[in-house]
Amino acid sequence: MIADFESYLDQIDNVANREWVRTVLNWVQTTFPQLEQRYAWNQPMFTDHGTFIIGFSVAKPHMGFAPESEGMAHFAEQIAAAGYNPGKKFGRIKWTQAVDYDLLKQIIKYNIDDKIDCATFWRR
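Below or above, wherever it landed, is the structure these notes cover. (Residues numbered from 1 in each chain as written. Predicted model: local features only at pLDDT ≥ 70, side-chain atom pairs only at ≥ 80, totals over all residues. Heavy atoms only, no water.)

## Digging into the overall build of the chain
- Regarding its fold elements, the chain presents five helices and five strands.
- The C-alpha radius of gyration of the chain comes to 14 Å, within 12% of the 14 Å expected for a compact globule of 124 residues.
- Residue burial in the chain is summarised as follows: out of 124 residues, 48% are buried.
- A sequence separation of at least 24 residues applies to 55% of the contacts in the chain between residues at least 6 apart. (Helix = DSSP H or I, 4+ residues; strand = E, 2+ residues; numbered from the N terminus. Rg over C-alpha atoms; globule rule 2.2 N^0.38 Å. Buried < 20%, exposed > 50% of the residue type's maximum accessible area, 1.4 Å probe, protein only. Contact = heavy atoms within 4.5 Å.)

Printed below as a string of structure tokens:
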């Protein structure tokens, strides 16, 4: 399902973390089958009609998710309440935390809806 991301996943040394990220990426693709997979800036990301929707990254203590600044600002309270160490452009889910798939779904849906008429990769 996420064949475009397999070489990225193979670079994650910790097998449990690799499978965790694979599960999240598969969930995104299954939940939003219209999204296109893209690998750029050393991270797997999903786009819709050529515009960025969400990207993911991996660091030693966490997996990052990046819905752009607008998505982070719109869901700032929910992201903080989930304990996802929010930054301006991305949030961090520690490997020891559960993924709040409902929140992730809301964030992705928000970006799809908000960027429906967006003709650029990033928001202007």
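Next, the rest of the story.
## Remarks on the nonpolar core
- One finds Phe56, Phe65 and Ile108 to be the most contacted residues of the largest nonpolar core, which totals 32 residues.
- If you list the elements that add at least two residues to this core, you get helix 1 (6–10), helix 2 (15–31), strand 3 (51–59), strand 4 (62–66) and helix 5 (101–114). (Core = buried A, V, L, I, M, F, W, Y, C linked by side-chain atoms within 4.5 Å.)

## A closer look at the pattern of salt bridges
- Under the counting rule described, the total for this entry stands at six salt bridges.
- In this structure, the salt-bridge partner of Arg22 is Glu6, at a minimum N-O distance of 2.6 Å. Of this pair, Arg22 sits in helix 2 while Glu6 sits in helix 1; the two residues are 16 residues apart in sequence, bridging distant segments of the chain.
- Judged by relative accessible area, Arg22 falls into the buried class, the value being 16%. (Salt bridge = Lys/Arg side-chain N within 4 Å of Asp/Glu carboxyl O.)

## Notes on the sheet that holds strand 1 (residues 36–40)
- The antiparallel open sheet is built from five strands, whose spatial order is 1-2-3-4-5. Strands with a single pairing partner mark the edges of an open sheet, and in this sheet they are strand 1 and strand 5 (91–94). The average undirected angle you get between the axes of adjacent strands in this sheet is 25 degrees.
- For strand 2 (residues 43–48) and strand 3, the ladder comprises four bridges, and the chain directions are antiparallel. Bridge assignment links Met45 to a residue of strand 3, and that residue is Gly55.
- Those strands touched by helix 5 are strand 2, strand 3 and strand 4, and its axis lies near 145 degrees from that of strand 3. (Pairing = 2+ DSSP bridges. Axes fitted to C-alpha atoms, helices over the stretch in contact; angles between N-to-C directions.)

## Focus on the side chain of Arg22
- A distance of 2.6 Å separates the side chain of Arg22 from the side chain of Glu6, its partner in a polar contact.
- The contacts of Arg22, once residues within four sequence positions are left out, are Ile2, Glu6 and Leu9. (Polar contact = N/O pair within 3.5 Å; in protein donor to acceptor, adjacent residues only side chain to side chain.)

## Section: helix 2
- Across its 17 residues, helix 2 extends 24 Å between first and last C-alpha, which sits within 8% of the 24 Å expected from 1.5 Å per residue.
- Turning to helix 2, its buried residues are Asn17, Arg18, Trp20, Val21, Arg22, Val24, Leu25, Trp27, Val28 and Gln29.
- Of the residues that open helix 2, the one with a side-chain oxygen 2.9 Å from the backbone nitrogen of Ala16 is Asn14. (Expected span 1.5 Å × (residues − 1).)

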